[in-house]
Amino acid sequence: MDAKTIIDSLVNKFQDSLVDAKVDSDIRVSAYLEPEKIVEVCQYMKDELLFDHLSSETAVDYPKRNEIVVVYHIGSYDHSVLMTIKVKLPRDAPEIESIVPVYWNANWYERETYELFGVKFNNHPNLKPLVLPDELMGDWPLRKDYEGFPNRTARNLV
Amino acid sequence: MDELNDNETVENQEGYVEEIPGVITTTSMAITDFLKKTKAQDIINWGRKNSLWFLTQPMGCCGVEMIATGCAHYDTDRFGIIPRNSPRAADVMIISGYVTKKYLPALNTLWEQMAAPKWVICMGDCSISGGPFYESYSTVQNIDKMFPIDVFIPGCPPRPEALLQGFIELQKKIMAKKDHGTDY
């Protein structure tokens, strides 16, 4: 199964919600997706296109465009194509459906994305902070307008 | 028993027990305070400085050097410096890495669990100033405001010889009665 076949199959099935689907190279394909279709597309890719391994799930903050883009990298043990799905969310209230029912290992990825970016994953089984302490909840440290960095450091040295 | 105590010893406003005629009552705190003014404190300090058992509590890559220092090659036992696993049995806590906001409560708990007299050694650039995590959102800065630190050992990470030298400096401070672990 090569990259062209995969992207054609996806575009045929979800032509309304897939935007800018393209083949980047022999082993990389990417597409922008509407937020409400994410579980459906992941289920289809896992069942029909042999994408059985979620490599990573994270987010990127774009303050000027007022969006947070959630990025999924989904790979496969049967063929060599890696799929990149990007989902644009509004920056003031980013919400998306959790894909834990499809890929179980998205659990901690989504918890980390939640604590660092504030993306709320609906129907997540256990959406609580992963490594950050509770008092940092709501600050979203990896957003680009975060201002809570320490500014009085190393007073013992100067 | 409670009645007996109520009848014979009455606590005054400062909290000290009133003297019973013919009996000298004292407390361990009073004995300690008295000994601090005498030559006996030198002997006590000699014993303390030769049994600086440190807490094996690695927090970063400096922790690897700390464990290496405690192993056979550097043989810290000759100075009485022995790694201990329990904070109850340890005298020295080595802050060996960056302190995150999430880890600070656990570090405080370990510090409170240690029995006095106790000392802190700041090991590595991360614990001194933040190191490469100088302006991170999740690290605690100015750790010397939270713990009475006696010795700072710079380095990234410091070699085991540097940690040994830090221990020896701490021993010198204890003998000179300049350490922060005891109020003289």
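Look a little higher up for the structure.
Scoring rules and cut-offs
- Residues numbered from 1 in each chain as written.
- Chains lettered and ligands numbered in written order.
- Predicted model: local features only at pLDDT ≥ 70, side-chain atom pairs only at ≥ 80, totals over all residues.
- Pairing = 2+ DSSP bridges.
- Helix = DSSP H or I, 4+ residues; strand = E, 2+ residues; numbered from the N terminus.
- Axes fitted to C-alpha atoms, helices over the stretch in contact; angles between N-to-C directions.
- Contact = placed C-beta atoms within 7 Å.
- Parallel < 35°, antiparallel > 145°, perpendicular 65-115°, else oblique.
- Nonpolar A, V, L, I, M, F, W, Y, C, P; charged D, E, K, R; others polar.
- Buried ≥ 20, exposed ≤ 12 C-beta atoms within 10 Å, placed from the backbone.
- Arc of directions from axis to C-beta.

A. A look at the pairing of strand S5 (residues 82–90) of chain A. Residues and elements named next belong to chain A. Across six bridges, the pairing between strand S2 (residues 28–33) and S5 is parallel. Each residue of the ladder has a partner; that of Ala 31, found in S5, is Ile 85. Both strand S4 (residues 67–75) and S5 contribute to a ladder of eight bridges, which runs antiparallel. Across the sheet, the residue bridging to Val 70 is Val 87, located in S5. Linkage of S4 to S5, two consecutive antiparallel strands, is achieved through a turn of six residues.

B. Fine view of the sheet that holds S5(A). Residue and element names in this part refer to chain A. Reading across from one edge, S1-S2-S5-S4-S3 is the order of the five strands in this open sheet, with mixed pairing throughout. What marks the edges here is a single partner per strand, and that holds for strand S1 (18–23) and strand S3 (53–62). Shown here is a sheet whose adjacent strand axes are inclined to one another by a mean of 15°, direction ignored. Contacting S1 and S2, helix H1 (residues 3–13) runs over the sheet at an angle of about 165° to S1.

C. View of the packing of helix H4 (residues 62–70) of chain B against helix H7 (residues 160–175) of chain B. Residues and elements named next belong to chain B. At a closest axis distance of 9 Å, the pairing of H4 and H7 adopts a crossing angle of 75°. The orientation of H4 relative to H7 falls into the category roughly perpendicular. On H7, the residues touching Glu 65, Met 66, Ala 68 and Thr 69 of H4 are Pro 160, Leu 163 and Leu 164. Here the residues of the contact of H4 with H7 are counted per class, giving five nonpolar, one polar and one charged.

D. Just helix H3 (residues 40–49) of chain B, in detail. Residue and element names in this part refer to chain B. Within the span of H3, buried status applies to Asn 45, Arg 48 and Lys 49. In an axial view of H3, the angular spread of the buried residues amounts to 90°, which keeps them on one side of the axis. Pointing more than 90 degrees away from the buried face of H3 are the exposed residues Ala 40, Ile 43, Trp 46 and Gly 47. Here the buried face of H3 lies against H7.

E. Expanded view of helix H2 (residues 38–48) of chain A. Residue and element names in this part refer to chain A. Burial in H2 covers these residues: Ile 38, Val 41, Cys 42 and Met 45. Angularly, the buried residues of H2 cover 100° about the axis, an arc narrow enough to put them on a single face. In H2, those exposed residues whose orientation departs by more than 90 degrees from the buried face are Asp 47 and Glu 48. Those residues of H2 hidden inside the fold are in contact with S2, S4, S5 and strand S6 (95–97). Leu 50, located one to two residues past H2, shows a positive phi value of around 65°.

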